[in-house]
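# Summary of structural features
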Amino acid sequence: MHVLAEKAVRLRIDAVDVYYGAVQALFGVSISVHGGEVVAVLGGNASGKSTTLKSVLGLVHPTRGEIHLDGQRIDRLSTPDIIDRGVGSVPEGRRVFPRMSVRENLLLGAYPRRHDPKHVADDLEQVFKVFPRLKERSQQAAGTLSGGEQQMLVLGRAWLRRPSLLCIDEPSMGLSPRFVDQVYEVLAGWKAAGLTILIVEQNARLALELADRAYVLQHGHVIREGTAAELAADESIQRAYLGESEVA
Amino acid sequence: MELLFSQILNGLVIGQVYALIALGFTLVFGVANIINFAQGALFMLGAFLAFSGIAWFGLPLVPAALISVVLVAALGAVLERVVLRPLSGASAITPLLSTLAISMILDQAAEMIWTPEPQSFPSPLAESRIFIGDAFVTGTDAAIFGFGLLTAIGLMILLSRTWLGRALRATSEDRDAAAQMGIRTDSMRQYSFALAGALGALSGIFVALYFQSVFPQMGLPFALKGFAAALLGGLTSIPGAVVGGVVLGVAETLASGYLGDNYRDVVAFALLLLLLMFRPQGLLGDHRLEALGGASAAAGAAPSTSLLASAGGAAVRQRVIALPAWGFIVLGAALAPLPFLSSGGYLLQAVSYGLIFALLSASVSLVSGSIGILSIGHSAFFGIGAYAVAILARFYAWPAEASLIAAIVITSFVAMLAALPLLRLSGHTVALGTLAIGQIGYLVFLNWDTMTRGPLGIPNVPAPVLVLFDNIRLVRLPQKYWLVLALVSLGLFLAERFVGSEIGRVWRAIREDRLAAHTAGVPVRRYILTAFAVSGALAGLAGGLLAYLQTVVSPESFTVELSIVTVIMAVLGGLGNMTGAAVAGFALTILPELLRGFSDWRLIVYGLILLVVLRLRPQGLLGAR
Amino acid sequence: MAIVTAAMAAVVFAAPASVSAADPIRIGLFAPLTGSVAAYGVRFREAIELKVGQVNAAGGVEGRPIEIITEDDRNQPEDDATIAQKLVGTPGLVLAIGGFSTTASMAAAPIFAEAKIPQISPSVTHPDFTKQSPYQFRQNNQETSLAQTNAEIILDKLKAKTVVIPYSQDDRGQFSSAGTAALIEKAGGKVLLREPVAPNSKDFRPLVSKIKSLKPDAVFLDLYAQEAAILIQQLHQAGLNIPAGGPTPLTSPQFIELAGKDAEGVVLHTIFFPGDPSNKEFVQAYAAKYGRQPDQWAALAYDSADVGIEAIRRVVKFGKPLTGEAVRDELDNGPPYKGVTGITKYDRGSVEKKPTIIIIHNGGYSVL
Ligand SMILES: Nc1ncnc2c1ncn2[C@@H]1O[C@H](COP(=O)(O)OP(=O)(O)OP(=O)(O)O)[C@@H](O)[C@H]1O
Ligand SMILES: [Mg+2]
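Predicted model, so just to flag it, every value in this text is computed and none were measured.

## Details of the overall build of chain C
The helix and strand tally for chain C stands at 12 helices and 14 strands. Taken against the 2.2 N^0.38 rule, which gives 21 Å for 368 residues, the C-alpha radius of gyration of chain C at 21 Å falls within 12% of a compact globule. By the burial criterion, 64% of the 368 residues in chain C qualify as buried. Across chain C, every contact between residues at least 6 apart in sequence was considered, and the portion connecting residues at least 24 apart equals 69%.

## Points about the nonpolar core
All names here are of chain C. Ranked by size, the top nonpolar core spans 307 residues in total, and within it Leu-221 and Phe-255 carry the most contacts. With residues up to four places along the chain from it excluded, the contact list for Leu-221 reads Pro-166, Ala-228, Leu-231, Ile-232, Ala-244, Gly-245, Gly-246, Pro-247, Leu-250 and Phe-255. Counting 45 residues, the second largest nonpolar core, distinct from the first, contains Val-94, Leu-95, Val-315 and Leu-331.

## What about the coordination of the magnesium ion (ligand 2)?
Protein-derived ligands of the magnesium ion (ligand 2) are Ser50(A) (OG) and Glu92(A) (OE), with the metal-ligand distances lying across 1.9 to 2.2 Å. One end of the pair, Ser50(A), is in helix H2 (residues 49-56); the other, Glu92(A), is in the loop between strand E6 (87-90) and helix H4 (102-109), with 42 residues separating them in the sequence.

## Considerations on the interface of chain B and chain C
In this assembly, 66 residues from chain B lie in contact with 70 residues from chain C. Here chain B meets chain C over a buried area of about 6,100 Å², counting both sides, of which 56% is carbon and sulfur. The largest share of the area that chain B buries against chain C comes from Tyr346(B), Leu594(B) and Arg596(B), three residues that together contribute 11% of it. Where chain B touches chain C, the interface holds four salt bridges.

## Focus on the domain arrangement of chain B
Residue and element names in this part refer to chain B. What the domain assignment reports for chain B is domain 1 (11-223) and domain 2 (332-616). Taken over C-alpha atoms, the centre of domain 1 sits 33 Å from the centre of domain 2. Domain 1 puts 22 residues into the contact, and the matching count from domain 2 is 22 residues. Taken together, the two surfaces of domain 1 and domain 2 that pack against each other cover about 2,000 Å², and 87% of this comes from carbon and sulfur. Of all residues in domain 1, Leu-97, Met-104 and Ile-105 give up the largest surface area on contact with domain 2, accounting jointly for 27% of the area buried on that side. For the side of domain 1 that touches domain 2, the elements supplying multiple residues, two or more each, are helix H3 (61-84) and helix H4 (93-114). A total of 12 residues in the side of domain 1 that touches domain 2 trace back to one element, the largest contributor, which is H4. Its residues assigned to classes, the side of domain 1 that touches domain 2 shows 18 nonpolar, four polar and no charged.

## Notes on helix H5 (residues 139-161) of chain B
The end-to-end C-alpha distance of H5(B) is 32 Å, a good match for the 33 Å that 23 residues give at a rise of 1.5 Å each. Looking only at H5(B), the buried set comprises Gly139(B), Thr140(B), Asp141(B), Ala143(B), Ile144(B), Gly148(B), Thr151(B), Ala152(B), Leu155(B) and Leu159(B). Structurally, H5(B) contributes buried residues whose contacts are with helix H1 (2-32), strand E3 (135-138), helix H6 (163-173), helix H8 (185-211) and helix H10 (238-258) of chain B together with helix H7 (205-214) of chain C.

## A short note on the pattern of salt bridges
In total, this model carries 52 salt bridges over all chains according to the counting rule given. In this structure, a network of salt bridges that share partners links the residues Lys225(B), Glu252(B), Asp261(B), Arg264(B), Asp265(B) and Asp203(C).

## Notes on the side chain of Gln226(C)
With respect to the helices, strands and loops of the structure, Gln226(C) is situated in helix H8 (residues 225-237). What makes Gln226(C) buried here is its relative accessible area of 7%. Residue contacts for Gln226(C): discarding those within four places in its chain leaves Pro118(B), Ser213(B), Phe215(B), Lys202(C) and Leu258(C).

## Observations concerning the interface of chain A and chain B
Contacts between the two partners involve 27 residues from chain A, matched on the other side by 25 residues from chain B. Buried surface at the junction of chain A and chain B, summed over both partners, amounts to about 2,600 Å²; 63% is from carbon and sulfur atoms. Among the residues chain A hides against chain B, the three largest losses belong to Arg95(A), Arg99(A) and Tyr111(A). Together they make up 26% of the total. Between the two partners, chain A and chain B, sit five salt bridges.

## Describing the domain arrangement of chain C
Residue and element names in this part refer to chain C. Taken domain by domain, chain C comprises domain 1 (6-10 + 23-141 + 279-344) and domain 2 (143-270). Its C-alpha centre places domain 1 at a distance of 30 Å from the equivalent point of domain 2. On the side of domain 2, 15 residues touch domain 1, which itself brings 15 residues to the contact. The junction of domain 1 with domain 2 conceals about 1,200 Å² of combined surface from both sides, 54% of it contributed by carbon and sulfur atoms. Here domain 1 is connected to domain 2 by zero salt bridges. If you look at where domain 1 meets domain 2, you find three residue pairs in polar contact (both at pLDDT 80 or more). Contributing elements (two or more residues each) for the side of domain 1 that touches domain 2: helix H2 (38-57), helix H4 (102-115) and helix H11 (296-317). Taken together, the residues of the side of domain 1 that touches domain 2 break down into six nonpolar, eight polar and one charged.

## Here's the deal with the sheet that holds strand E2 (residues 66-72) of chain C
Residues and elements named next belong to chain C. The strand order across the open sheet formed by five strands is E2-E1-E3-E4-E5, and the pairing between neighbours is parallel. On the outer flanks of this sheet lie E2 and strand E5 (136-138), each paired with one strand and no other. Neighbour-to-neighbour, the strand axes of this sheet turn through a mean angle of 25 degrees, independent of strand direction. Bridge count between strand E1 (residues 25-31) and E2: seven bridges; the pairing is parallel. Of the residues in E2, the one forming a bridge with Ile-27 is Ile-68.

## A few points about the site of ligand 1
Residue and element names in this part refer to chain A. The full set close to ligand 1 counts 13 residues, and Asn-45, Lys-49, Ser-50, Thr-51 and Glu-92 are the nearest of them. At a separation of 2.8 Å, an oxygen atom of ligand 1 approaches a polar side-chain atom of Asn-45. Measuring from an oxygen atom of ligand 1, one finds a side-chain N or O atom of Glu-92 at 2.7 Å. Burial of ligand 1 by the protein amounts to 63% of the accessible area it has alone, namely 630 Å². Of the residues forming the shell around ligand 1, the biggest block, three residues, is contributed by H2. Of the residues belonging to the shell around ligand 1, the class tally is three nonpolar, seven polar and three charged.

The rules behind these values
Residues numbered from 1 in each chain as written. Chains lettered and ligands numbered in written order. Predicted model: local features only at pLDDT ≥ 70, side-chain atom pairs only at ≥ 80, totals over all residues. Heavy atoms only, no water. Helix = DSSP H or I, 4+ residues; strand = E, 2+ residues; numbered from the N terminus. Rg over C-alpha atoms; globule rule 2.2 N^0.38 Å. Buried < 20%, exposed > 50% of the residue type's maximum accessible area, 1.4 Å probe, protein only. Contact = heavy atoms within 4.5 Å. Core = buried A, V, L, I, M, F, W, Y, C linked by side-chain atoms within 4.5 Å. Donors = N, O, S within 2.8 Å, 3.2 Å for Na, K, Ca; no water. Buried area = accessible area lost by both parts, 1.4 Å probe. Salt bridge = Lys/Arg side-chain N within 4 Å of Asp/Glu carboxyl O. Domains from an automatic or database assignment. Nonpolar A, V, L, I, M, F, W, Y, C, P; charged D, E, K, R; others polar. Expected span 1.5 Å × (residues − 1). Polar contact = N/O pair within 3.5 Å; in protein donor to acceptor, adjacent residues only side chain to side chain. Pairing = 2+ DSSP bridges. Axes fitted to C-alpha atoms, helices over the stretch in contact; angles between N-to-C directions. Near = heavy atom within 4 Å. Areas by Shrake-Rupley, 256 points an atom, 1.4 Å probe, with all protein chains shown as cover.

Written out as C-alpha cells, the structure is:
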C-alpha cells in the first residue's frame, strides 16, 4: 500500500490471445499497470480495446497467455471473483440498470461492500456531492436519464465499489464535449487521489492528457507503447488517432 | 346484490391463489428471463409432497407443508443448475422448451408415484367459517388470503429493500453488467428458481386445502391461470401479479356466476387478449421504458423482438440443413408406394398422422420462426380446419375439394383475426397471447353446441369424395393416405416457397428487428398478418385432413397440450426451417408410437429425449434460419 | 434422427410372423392409462387382468391361453385410431375392449368394423356408439335408460319438486343431464338450473352461491367423483344441506374417499352393487389382488372380458374357425350371461341392465 507497493506492478496482461468463436480478437497482447498509475489503451474501432478490458474482467477468457492481479493469476476466474479482488468497472455503453432507480444503481456498485452499510451510506452521500444531478433524480428510473447523466451514474456506481483498480471503457462515447470535459475532470480528481486506472479510449487526446502511460492497439496487436507524453508527441499517433492533421 | 357480493368474495379467494402462482412466474421471468412452464409441475409436487408427509408419515399439516416447500425449492434450484444453466448461452426459446420437457417428466413421474387418481387432502380449517348474509368465508380462505398477502408484501420488501433483492433485479435487467458489480448471476438465477419453487409449492398446498384433494393433473390448468394473471399484471411486476390474479379471479367468478361455469375460462382468456390489445405492457407494467425500446434497448443492446436471439444478443448459428421447395414433391413421390410395401393399416395410419403433423409443425414454424412470434395456440387453427371439413362434409355433403378449400380459407381468415391483438406484442408476451388464443379456440369448440355439437364432437365424417376425379370416394386407408401425402407435400412445397421468397426475407427482417424494419418503411403489420394467413392456411389444411383421416372430430383433440407438442416440434426441427419442422413433426408423432413399449415410462423417456436433443442441438435438429 | 426413426419404425411396425393353433388368443384393451381420466382406464386394466388371469389359471380357452394387448390412448381420438390399426394388425387378435369415452370409442369403431373385429366398450353410454356397425357392443346401459333412473331418484327418493343439475361437460354428462331434466319437467318437477362444469374446472364456489340463491329442494350431481366431492363439500360449507343424488360414476369408492362425511346420504344408482352376495367372489378376488374395492368401471370391464371370452370359448368349442366375425356372431346371438353388473343380452349391440338404487351410509353403501 505504501511507497514501495505503489511502484509494484498491480496488473500484468501477458501475451494474451482471445478468440470469439473462430475469430481471433487479440494477438499476444501484453500490458502492465503499476500502482497509482493511469494507463490508457488507444486504438481505432474494432482494434480490440474492449476485448482487452473484458479479459481483465473475466468476461472473456484468453486461450493463451496469462493475466495477473497483485501477483495472482485471474484469467480463469469468473467476473464476480475478479470484482471481489477490488476491481471496479465502467462498462462500454454505460449499462445502467434501466428500471431500477438511480439510487439503487449506485448502491449496486457497492454490492461487494454490502456488509459495511455505514460506510456505503457515507460514500453514497459523497457521490451525490460530486454529482448533484444524480441526487435530484435519485428516485427516477435510470433508463430515463440522459446519456450524459447515465455516464455520471456509472462513474459514481464504479466509485462506490471503492476499487483498488478501476477499468473504464470509453467514458466519452456519445457525449457532448462539455460532458466529456466534466467526466475527465472527475477522473483527474480520482487519479490525484491515487486511484489506479486502466482506461480504454478512442479519444486519444483526452486520454493522453489523463494517463501516465499508454498502449496503442491495432487489429488486436499492441503496436506502440510508451509514456503519455511520448505518444502525444509522436507524429504518426497524432495523425492516426488525434485527428489533428485532418483538421489542420 | 347479496349474490353479487358472495361472488366477488369467491373471486377474491380464487384470485389470491392465482396471484400466488403468478408470483412464481414473475419471479423467474423477471430474473432469468425464462417462462417457466415447469412451475405448474412444481406446484403439483408441492401439494403431493405435503400430502405424503401427512398421509404416509403422519405429520401434522404445518411441518408437512414446510418440508414440502423446502424440498420443492431445492428441486427448483437443482433443475436450474442441471437443466437450464447449461443452456444459458442458447436462444431464449431453448430453456423455455426445456421447462416444458421437465414438466412433462414431473407430471408423469407423479402419476407413477401417487397414481393418476385424486386423493383426499382434508383441510383442518374447512370447518370454521363465517357467514356474512348468504356469503361465507372459511378458515382456509382466510389462510389463503393472509398468506397470499404476506407473501406478496414479503417479496416486495425482499426485492426492493434487500441486497439480495437488488442483486436479483439487477441480474434480470442486465446480466453482464450485474456480474461487473460483483453479483454472482448464476446463483441469482438459482435463488429465483428456488424461490419460485417455494412459492409454487406453497400455492399448491393452498389449492389442495381449498379443494380438499390433490391430483397429478392439477399443474397445467392452474399454471395457465397463473400465466394469465402474471401477464395481466405486467409479467415482471410483483404488485402486478397480485392485481392480475385478483382481477382474473373476480372476472371469471362473475362469468361463472352469471353466464355459466362453461364461460369461466372463455371470459378469463378473452379478457387477457383484450387487455393485451389495449395495454400490451399489462395492468401495472411500465410503459415509459417500453417507449425507449424496452429494457434491453435502454441497456444498450440491440432491441430484438426475437426469441431466437441468444441472451448475449447475438444469435448463435448452426449450419442449416434444408430441402429446396421441390424436394418436398420428390419426397412425397418417394413415399407414395408405401401402401404396397406394408400389409397392415397400423404403419399407414401412423405415417398419415405423422404427415399431418409435419404440415402442422411447418405451419407453427412459419410464424414462430420466420416472423418470430412463438405460437402456443395453433391447436385452435388446426381445430378450425378439422371442424370446417367435418361439418361441411357430414352435414352438407360437400366434396373434398370444396370442403378442404373452405377449411383453408376459413382458418386463414380466423388466423389473421386472431393475430390482430398480437400485433403490438413481442417476445414472451406474444407467446403467452397465442396461448390464450389456443385456449379460446378449444373453449369455443367445446361450447358452441349448435355448430360443433360441443363435447359430443362430430363422429362419422364421411370419406372424402373428389368431384374433379369422377366422384371417386376415398374409403380405404391407402387412398386416404395418398390424399394426405399429396396435399401435405404440396403444402410443404408452398410453405418453403413462401419462406424462401422475398416475403420470407422481410419476415425474417421483422423478426430480427421489428423497429428497424418499421423505420425502413416495411409495412410490418401487413407482413405479420400475411404470415398468420399463410400459417393459418397450412394449419387449416392439416386439420381438414385430420377430419377425413380420423372420422371423429372432438374438442379433446385441440387442447393446449397439442399446441405445446407442436411448438416442441417446430423448435426441435429448427425454427423457420420448413424441412426441420416437417422432419421433427413427423418424427415426434411417430416417436410415441415407437415408445409404446415403455408403457408408463413413455412420456418420461420422451421428455428425456427432448432434453438431450435441446442440449446437443439448441438451434434445432436441422438448424434455425 | 429421421433415419433412426425410420429404421426403428420398420422394426416396430413390421407385423410378426404367422400363428399356430397353440398360440395365445389375443384380446386388445385400449383405455386412458395416463392423464386426467386415467383412473377409469386403470380400473379397466385391473379388472381385465384379473379375469384373464383367472381364465388362464383354469386352463385358458380349450388349452389356449388368453393374452391381453394393452394400449394407453390417453383418451385422445388420434391415439385411438392408430391403436385400433395396431390391434387389428395383431395376429390372433379377435376381440377389442375399449375405449373409455364416446369420442375415443367412436374414433376406433370404423377401423374395427372394417377389420371385422368386435369391439366392446365397457363404459360408453351414448346411443350412437352401437349404431356404428354390427361390430360395436357395450356393457353399460344406454344413457336414455340411465336418465330414467336419475329422474326416479330425484322425484321419488329425494322427493324433490325443484332441482339443480350441474353436469360434467362431456359426452356422458351432456346427454345424461339433458335426458334427466326432460323427464323431470315432464313429470311436473322443475329444473331450476342445469349447468355444464367445464373439464378441469374445480372451483365451484360461484356455482354454490348461485345454487344457494335458487333455494332448490335437491341437487343432482351429474359429475365424476372428484368434481362431485368438491361440490358437495363446498355446498355444505355454504350451509346448504339439501338432499343430493348422483349418477353411476359416483358409485366409485373414490367419491366417498374424497368427500368423506359430506358424502353421507347421497343417493345413487348402480348396476354393480359390491354388497350383493352374488358378487362376493369378484369383490374378494379384486380386493385381494389390488387392495381396493372394485367400482362399477372395474365391474363393467370384468364383465366385458368375461362375455367376450365366453363368446370366444363357444366359437372354439363349436369347432368354428376363430375369427373376429365368428366372435361377433357369438356375442350377438349368445345366451343371456349373468355377470357382476347384471344380465348381458345383446340387442343390436346394447344391453338393458337393472339398476339398484343405493344410499351412502356410514362410509359404505346400502340398498335404498
Ligand atoms: N461478442 C463478440 N462476438 C464476436 N466477435 C466479437 C465480439 N465482441 C467483439 N468481437 C470482435 O472482436 C473485435 C474486437 O472488438 P472490440 O469490441 O474489442 O473492439 P474495440 O476496440 O473495443 O472497438 P470499439 O472502439 O468500436 O468499441 C472486433 O472485430 C469485433 O467484431
Ligand atoms: Mg469497444
